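So you can see what is in the structure, the chains are spelled out below.
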Amino acid sequence: MTATTPSEHDPRTVWLSDYRPFSHLVDRVELTFRLSPLRTKVAARLHMRPNPAAPGPHVLRLDGEELRLISLKLDGALLDLTPDETGLTIPGDLLPDAPFTLETLVEIDPAENTALEGLYMSNGMYCTQCEAQGFRKITFYPDRPDVMARFSVVIEGEAPVLLSNGNPVAGTAGADGQTRAEWDDPWPKPAYLFALVAGDLVAHRDRFTTKSGRDVDLAIWVRQGDQDRCAWAMDSLIRSMKWDEEVYGREYDLDIFNIVAVDDFNMGAMENKGLNIFNSKFVLASPETATDDDFARIEAIIAHEYFHNWTGNRITCRDWFQLCLKEGLTVFRDQQFSGDMRSHAVKRIEDVALLRARQFREDQGPLAHPVRPESFVEINNFYTATVYEKGAELIRMLKVLVGDQAYAKALDLYFSRHDGHAATIEDWLRVFEDVTGQDLSQFKRWYSEAGTPRLQVSDSFENGTYRLVLRQHTPPTPGQPVKSPKVIPVAVGLLAQDGSELHPTRILTLTEAEQSFEFTGLNERPVPSILRGFSAPVVLERETSVTERALLLAHDSDLFNRYEAGRSLAREMLVASLSGRPDLQEAWLDALVPVIRDVDLDPAFRALILRLPGEDDLAQALADRGITPDPAAIYLARRSAGDALAAALARDLPGLLAGLQDNRPFVPDAAGAGRRALHAALLALQSRLDGGQAAAAAFAAADNMSATIAALTALLDNGQGQAELTAFAGKWQADRNVMDKWFMLQIACAAPGKAAEIADALTGNADFDLKNPNRFRAVFGALAANHAGFHQADGACYRLLADWLLRLDTLNPQTAARISTAFETWPRYDAARQALIRAELTRISATPGLSRDLSEMVGRMLAAG
Ligand code: B3K
Ligand code: ZN
């Protein structure tokens, strides 16, 4: 019997194997918007013809949801057809077998649109979000990415600023306050890249000249008062444009590039052609309001959306199953960019930490799915860490396997062969095959099989030959009980016992379930450094001694694996103390403390290595060893390790902290960020020793948000900081993005047993706004991330979250579904907690009128039982 997943039984399921080309082609789209909050009129004129590549008969099915159809005309003649819940069908016998024009007039209510998909309003401003299937809430249209058309848009309203994709054609403002603008996008695009913005906005402007001499006007549009917080985003945009020219040979292709900041947004940002729309959190920054992490994230997201102009927009996806084609590649490109702008090693360590925390977690639970899924009920549920982050890892592996030069050639071929088309993973892999002559059919399994491979290693040394035996195994995932061997590039270097490099990095390509590799001519038994740079997204399972890890931590030439040695030492130590095995704390401290004291080592790296494995990570580590995690015990073990580290560094802390004190003006560069990150980590340790004295002083002296948050976090973690919280709120009350931090921190730092109470109280705060996804995430994202807090034994947090997910689902299903992943790890816990979570999931799933989004997620999670 083959395993099934719940979506297979859902009649709404869409299958990759059912893909068919669309019946018609759309050559041009002319849209006219007459804006009004409750009655926006959208007139659409579609110039269409039968698609010669699609077999007839050519019935025309247009998607459309929540639209009031006023009129429908075919080649000028009125048609009397009634739409159904999801669209409009025009029978084949009414359609000419030649080009025709279809005109619709519909009415929509942007002010009532709380789902933030389609055309909606945020603080009086109109904006759109069409990916994945929001355009069907604007007008009747074949809302699928393989239908690419040229769009021209007229906007009529009262707002001073009216924006859409492409280049501006004309704009007028009448004395009566009526405004009108015309936009034309010369590049054919799918509907999901359509965008419109209208509002009372001001621009922060700059210019960019492309390498072939095109002058581009750049503008970041924000609300009055926010224009002095756009400089960093603009600087990041200009660096991204230059980088894409230099590294990928990709130039910008319009005369204008607009970015708009919006407060109410379901995700980070959106790459609409020539008109990127951003969550304001990922645009606005000043040293007073944004932390180093915020600055780095803004830089990365600005780059990501800009890079989509080629990987996503010029070359788009044939269907939504190919989502990783644009997302995995674009994430990989933004990771490369951030590495070039900052430090490659530090960036890699951070990316892998995120991959493990989000993607490995997903891959090991009931929501596991392949990088290219085969079915979905709601596509918005598949904008996941697997599609994005694992998708990027697959590109990174490909690059390692074919080499940098072949990678560059393959990308050039990809851009020239598929420009202007909607492509597939098959197209993507074929360019690599054509360039290298390699057969990538086995590599392709990475796209179709879910789950994180386990890599086991054993070794031997005899007569100067060192032999490594590598074994791979991927545990079953929902719907995929049996896995096959993958192509795994394993980067290995060898160290001598004195820490010097015996053998530089070599790529061992594992293709079988088990394979051995030899290194010959060695004079001593080496210490292997395996999976350097994290060359593949796998779990390395290797029993090794503390001495060996300490040697790698002290000497590995690969900074990632130095970090990895430190991380695994800490993890083993904590797992050992939690499972009653002999205490490894001393050995861990002996290895770690010298690294922290080493002032010649990059502060950013030392900050990362000081970070103890997270509670969720430890829970998974225990579950992997067949031990049921006890959240409260994990919390205590981690705390006591922190106390021990603070004690071991007691004499060094004042000097180290003083050495990192920086009186220069704040610059959000990597060096400054690294120093501040190390300062923050040490300050947290110092607080364990001095009762929060240094942190309170640091809070009072802080002149930038990074320092403020570092000090406040140290205090809250120590059970203090109430006066500081009040002062913070007093100062920032009017700033939504900063106040999100205030909400988030209190819950993230809540002691076990207090999280439900604090989160509940915060939902009663006058500034809690269910309709604002950032605020909802600040509260409930933080609650889910506070491991011991969330898993409070009486289930109070489970109930609280379920209650609020149900409330949010009636307004904004997409965000409700996203945050429901808080429950995805439930099968790891004890029977009592499992029963409590199952009860909440069951309660949600039994609620009448549940959205497709949330019901799919809850159904998949429940199926794990
Ligand atoms: N492509 C968008 C994400 C759209 C999400 C739709 N639920 C942002 C990005 O990945 O760049
Ligand atoms: Zn993207």
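Residues numbered from 1 in each chain as written. Chains lettered and ligands numbered in written order. Predicted model: local features only at pLDDT ≥ 70, side-chain atom pairs only at ≥ 80, totals over all residues. Heavy atoms only, no water.

Asks: Summarise the overall build of the chain; cite the residues concerned and give the values.
Replies: Counting its secondary structure elements, the chain contains 27 helices and 30 strands. The C-alpha radius of gyration of the chain comes to 28 Å, within 12% of the 29 Å expected for a compact globule of 865 residues. Principal-axis analysis of the C-alpha atoms gives the chain an extent of 85 × 65 × 60 Å. When burial is assessed residue by residue, the chain has 58% of its 865 residues classed as buried. Within the chain, counting contacts between residues at least 6 apart in sequence, those at least 24 apart form 70% of the total. Entry remark: accessible area of the chain is about 32,800 Å², with carbon and sulfur atoms responsible for 50%. (Helix = DSSP H or I, 4+ residues; strand = E, 2+ residues; numbered from the N terminus. Rg over C-alpha atoms; globule rule 2.2 N^0.38 Å. Buried < 20%, exposed > 50% of the residue type's maximum accessible area, 1.4 Å probe, protein only. Contact = heavy atoms within 4.5 Å. Areas by Shrake-Rupley, 256 points an atom, 1.4 Å probe, with all protein chains shown as cover.)

Asks: A description of the coordination of the zinc ion (ligand 2) should follow, citing residues and the corresponding values.
Replies: Around the zinc ion (ligand 2), the protein contributes the donor atoms His304 (NE2), His308 (NE2) and Glu327 (OE), which lie 1.9 to 2.1 Å from the metal centre. Of note, the zinc ion (ligand 2) draws all its donor residues from one chain, in the sequence arrangement H-x3-H-x18-E. For the pair His304 and His308, one class covers both residues: buried. (Donors = N, O, S within 2.8 Å, 3.2 Å for Na, K, Ca; no water.)

Asks: Which residues make up the site of ligand 1, and what values do they have?
Replies: Taken together, 14 residues surround ligand 1, and among them Glu131, Glu271, Glu305, Asn380 and Tyr388 come closest. Contact between ligand 1 and His308: an oxygen atom at 3.2 Å from a side-chain N or O atom of the residue. Relative to its unbound accessible surface of 340 Å², ligand 1 loses 95% to contact with the protein. Looking at the shell around ligand 1, the elements that each hand over two or more residues are strand E19 (269-270), helix H2 (292-307) and helix H3 (323-341). Residue composition of the shell around ligand 1, by class: five nonpolar, four polar and five charged. A domain-level breakdown of the shell around ligand 1 finds at least three residues from each of domain 1 (14-281) and domain 2 (316-448). (Near = heavy atom within 4 Å. Polar contact = N/O pair within 3.5 Å; in protein donor to acceptor, adjacent residues only side chain to side chain. Nonpolar A, V, L, I, M, F, W, Y, C, P; charged D, E, K, R; others polar. Domains from an automatic or database assignment.)

Asks: Explain the pattern of salt bridges to me, using residue names and the numbers behind them.
Replies: If charged atoms from side chains of opposite charge come close, those side chains can pair. As enumerated under the stated definition, the model contains 75 salt bridges in all. Among the salt bridges present, the one from Asp84 reaches Arg61, with a minimum N-O distance of 2.9 Å. Note that Asp84 is positioned in the loop between strand E6 (77-78) and strand E7 (87-90) and Arg61 in strand E4 (residues 60-63), a separation of 23 residues in sequence. According to the relative accessible area criterion, Asp84 is partly exposed, its value standing at 41%. We classify Arg61 as partly exposed; its relative accessible area is 28%. Note that Asp255 and Arg214 form a salt bridge whose closest N and O atoms lie 2.8 Å from each other. One end of the pair, Asp255, is in the loop between helix H1 (231-248) and strand E18 (256-262); the other, Arg214, is in the loop between strand E16 (201-209) and strand E17 (215-223), and 41 residues separate them in sequence. Here the salt bridges do not stand alone but share partners, grouping Arg39, Lys41, Arg68, Glu107 and Asp109 into one network. (Salt bridge = Lys/Arg side-chain N within 4 Å of Asp/Glu carboxyl O.)

Asks: Kindly report on the packing of helix H13 (residues 615-624) against helix H14 (residues 631-648), identifying the contributing residues and their values.
Replies: Two numbers describe how H13 lies on H14: the axes approach to 10 Å, and their chain directions differ by 115 degrees. Crossing handedness for the pair H13 and H14: right-handed. Contacts between H13 and H14 involve Glu615, Leu618, Ala619 and Leu622 from the former and Ile634, Tyr635 and Arg638 from the latter. The residue inventory of the contact of H13 with H14, partitioned by class, reads five nonpolar, no polar and two charged. (Axes fitted to C-alpha atoms, helices over the stretch in contact; angles between N-to-C directions. Left-handed = near helix turned anticlockwise from the far one by under 90°.)

Asks: Requested: an account of the side chain of His58, with residues and values cited.
Replies: Residue position: His58 is located in the loop between strand E3 (40-50) and E4. For His58, a relative accessible area of 18% translates into the label buried. If we ignore the near neighbours within four places in the chain, the residues touching His58 are Ser23, His24, Pro50, Asn51, Gly92 and Leu95.

Asks: I'd like to hear about the environment of Thr505, residue by residue, with values.
Replies: Secondary-structure assignment places Thr505 in strand E27 (residues 501-510). Counting along the chain gives 25 residues from Thr505 to Ile530, while the straight-line C-alpha distance between them is 9.2 Å. Aside from chain neighbours lying at most four places away, what touches Thr505 is Ala491, Val492, Gly493 and Arg532. Polar contacts involving the side chain of Thr505 include one to the side chain of Arg532, which spans 2.9 Å.

Asks: Residue-level account of helix H27 (residues 852-862), with values.
Replies: Of all the positions in H27, only Asp853, Leu854, Glu856, Met857, Val858, Arg860 and Met861 are classed as buried. For H27, the elements touching its buried residues are strand E22 (375-376), helix H24 (796-809), helix H25 (813-819) and helix H26 (831-845).

Asks: So, the environment of Phe780: which residues are in play, and what are the values?
Replies: Residue placement: Phe780 occurs in helix H22 (residues 773-785). Exposure remark for Phe780: the relative accessible area of 0% places this residue in the buried category. Taking the C-alpha atoms as reference points, Phe780 and Leu649, 131 residues apart in sequence, are found 35 Å from one another. Apart from residues lying up to four places away in sequence, Phe780 is in contact with Thr763, Phe768, Leu800, Leu801, Trp804 and Ile819.

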